[in-house]
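# Examining the three-dimensional arrangement
Each chain, written out:
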Amino acid sequence: MVRHVALLLSASLLLAGCGDSLEQFGGPTMGSSYSVKYVRNASGPSVEQARGEVEGILAEIDRQMSTYRADSDVERFNALPAGSCMALPAPMLELVAFGDSLSAQSDGAFDMTLEPLLNLWGFGPQSRGDQVPSAEAIAAARADVGHQHLKHQGDQLCKDAAVQLDFNAIAAGYAVDRVSARLDELGVTSSLVEITGEMKAIGHKPDGSPWRVAIEAPRDDRQVAQKIVALQDMGISTSGDYRNYFERGGQRYSHTLDPTSGAPITHHLAAVTVIDPSALRADGLSTLLMVLGPEAGLAFADRHDIAAFFVTREGTGFATRGSRRFEQLFPTEAH
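Residues numbered from 1 in each chain as written. Predicted model: local features only at pLDDT ≥ 70, side-chain atom pairs only at ≥ 80, totals over all residues. Heavy atoms only, no water.

### Notes on the overall build of the protein chain
The helix and strand inventory of the protein chain stands at 10 helices and 18 strands. At 20 Å, the protein chain has a C-alpha radius of gyration in line with the 20 Å of a compact globule built from 335 residues. Dimensions of the protein chain, computed from the C-alpha atoms along their principal axes, are close to 60 × 50 × 35 Å. Taking all 335 residues of the protein chain together, 54% fall into the buried category. As presented, the protein chain carries roughly 14000 Å² of accessible surface, and 48% of it is formed by carbon and sulfur atoms. Once the 28 positive and 42 negative side-chain charges of the protein chain are each reduced to a mean point, those two points are 2 Å apart. (Helix = DSSP H or I, 4+ residues; strand = E, 2+ residues; numbered from the N terminus. Rg over C-alpha atoms; globule rule 2.2 N^0.38 Å. Buried < 20%, exposed > 50% of the residue type's maximum accessible area, 1.4 Å probe, protein only. Areas by Shrake-Rupley, 256 points an atom, 1.4 Å probe, with all protein chains shown as cover. Lys, Arg positive; Asp, Glu negative; His and termini not counted. Charge placed at Lys NZ, Arg CZ, Asp CG, Glu CD.)

So this is what it looks like as structure tokens:
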């Protein structure tokens, strides 16, 4: 499961003022990487114990939801023809239900069944390189796309079309929540968990100050902080069009597809960051708002009381704007 990293973990920001009681570890996962920082007290877990627990969770999620291994549960479901049912683990059914709710709230802007279209455009696990498909090919792929083709029956998920699920828009946020919750069960009261760019901050650093995270500016050439936020008991996720795209004939094609057209988004929203107590919800909402675009996305965020930060392309630069909830939590400093 590959996802762009859109949040900066700056050592100077995260570790400033931290004492020797800050433990940290990390490694590869989901085609990218993860890192965990936690404040260890006398009864807290050792790094070895914490790492074992975390990597066990990540391995489970990979076995269930990775579209890059043929033996995963999701790929076995995706290989089934229309009219099939398959028993799935409870976490997968939970995430499908979550995706259903986001799809319903957004009139289909969020969709976990876009894999045939992603493959067609060259962004999916079975893609054959970047390409601009024909209108006929897009229409054919869209016949097997849509949450309306899925139905729960007990512990089984059924499909009435050759639907292919893709959890990439929410799997990392879900993993962050799972890891944070497990650390809490082990007695950790302060932690910063990052998985493929999605993060959650619990408690505070050893010196009592909040965890600080830099939201990355949407640049192709280098990593630059657009805004720095202090987080406590919050998850954060950024979606953007600036890492995974291709150009043909002077036109830019983003990996973010609009389910209503079956084609990449065409508006000028470069990135959107969502902050929410649930990293899963932040992850899904950042994708949803990225699809909607700057105007419709901001209206959706304000209507649903979502803390969202929008970065829009304007000429050769960028303009930023926060939703009402974002400005309440992170007021813009007067100059």
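### Points about the packing of aromatic side chains
A complete count under the given rule lists 4 aromatic pairs for this structure. An angle of 75° between the planes, with centres 6.2 Å apart, marks the rings of Phe-25 and Tyr-34 as edge-to-face. Relative accessible area serves as the criterion here: at 7%, Phe-25 is assigned to the buried category. In this arrangement the basic side chain of Lys-159 is found over the ring face of Phe-77, its NZ or CZ atom lying 4.5 Å from the centre. (Phe/Tyr/Trp six-rings, centres within 6.5 Å; stacked < 30°, edge-to-face > 60°. Lys NZ or Arg CZ within 6 Å of the ring centre and 35° of its normal.)

### Section: the state of the cysteines
Within this structure, the stated rule accounts for 1 disulfide. The side chain of Cys-85 participates in a disulfide bridge whose partner is Cys-158; the two sulfur atoms lie 2.0 Å from each other. Of note, the bridge from Cys-85 to Cys-158 carries an S-S torsion of about 110° and is right-handed in sense. Of this pair, Cys-85 sits in strand β4 (residues 84-87) while Cys-158 is found in strand β6 (residues 156-159), placing the two residues 73 residues apart along the sequence. A residue is classified by how much of its surface remains accessible, and Cys-85, at 36% relative accessible area, is partly exposed. Since its relative accessible area comes to 8%, Cys-158 is described here as buried. (Disulfide = S-S within 2.5 Å.)

### Regarding the sheet that holds β6
What links the strands of a sheet is backbone hydrogen bonding, and the strands pair in either a parallel or an antiparallel sense. A sheet is described by the order of its strands in space; here 3 strands give the open sequence β4-β6-β5, paired in antiparallel fashion. Either end of the sheet is taken by a strand with one partner, and the two such strands are β4 and β5 (150-153). Across the sheet, the mean angle separating the axes of adjacent strands is 25° when strand polarity is ignored. Where helix α4 (residues 90-105) meets the sheet, it contacts β5 and β6, and its direction lies at approximately 135° from that of β5. (Pairing = 2+ DSSP bridges. Axes fitted to C-alpha atoms, helices over the stretch in contact; angles between N-to-C directions. Contact = heavy atoms within 4.5 Å.)

### As for the domain arrangement of the protein chain
Structurally, the protein chain comprises domain 1 (19-67 + 167-203), domain 2 (81-159) and domain 3 (210-334). Here the C-alpha centroids of domain 1 and domain 3 sit 24 Å apart. Buried surface at the junction of domain 1 and domain 3, both sides included, amounts to about 1400 Å², of which 58% is carbon and sulfur. For the interface between domain 1 and domain 3, the tally reads 0 salt bridges. In this assembly, domain 1 and domain 3 are joined by 12 residue pairs in polar contact (both at pLDDT 80 or more). Top contributing element to the side of domain 1 that touches domain 3 by residue count: helix α7 (residues 171-185), with 6 residues. For the side of domain 1 that touches domain 3, a count of residues per class yields 11 nonpolar, 5 polar and 4 charged. (Domains from an automatic or database assignment. Buried area = accessible area lost by both parts, 1.4 Å probe. Salt bridge = Lys/Arg side-chain N within 4 Å of Asp/Glu carboxyl O. Polar contact = N/O pair within 3.5 Å; in protein donor to acceptor, adjacent residues only side chain to side chain. Nonpolar A, V, L, I, M, F, W, Y, C, P; charged D, E, K, R; others polar.)

### Details of the sheet that holds strand β17 (residues 307-314)
Across the sheet, which stays open at both edges, the 8 strands sit in the order β2-β3-β7-β8-β11-β16-β17-β18 with antiparallel pairing between neighbours. Each of the sheet's edge strands pairs with one partner strand only, and the pair in question is β2 (22-29) and β18 (317-322). Put simply, the sheet's adjacent strands are angled 15° from each other on average, direction ignored. Sheet topology places strand β11 (residues 234-240) next to strand β16 (residues 269-276); 6 bridges connect them, and they run antiparallel.

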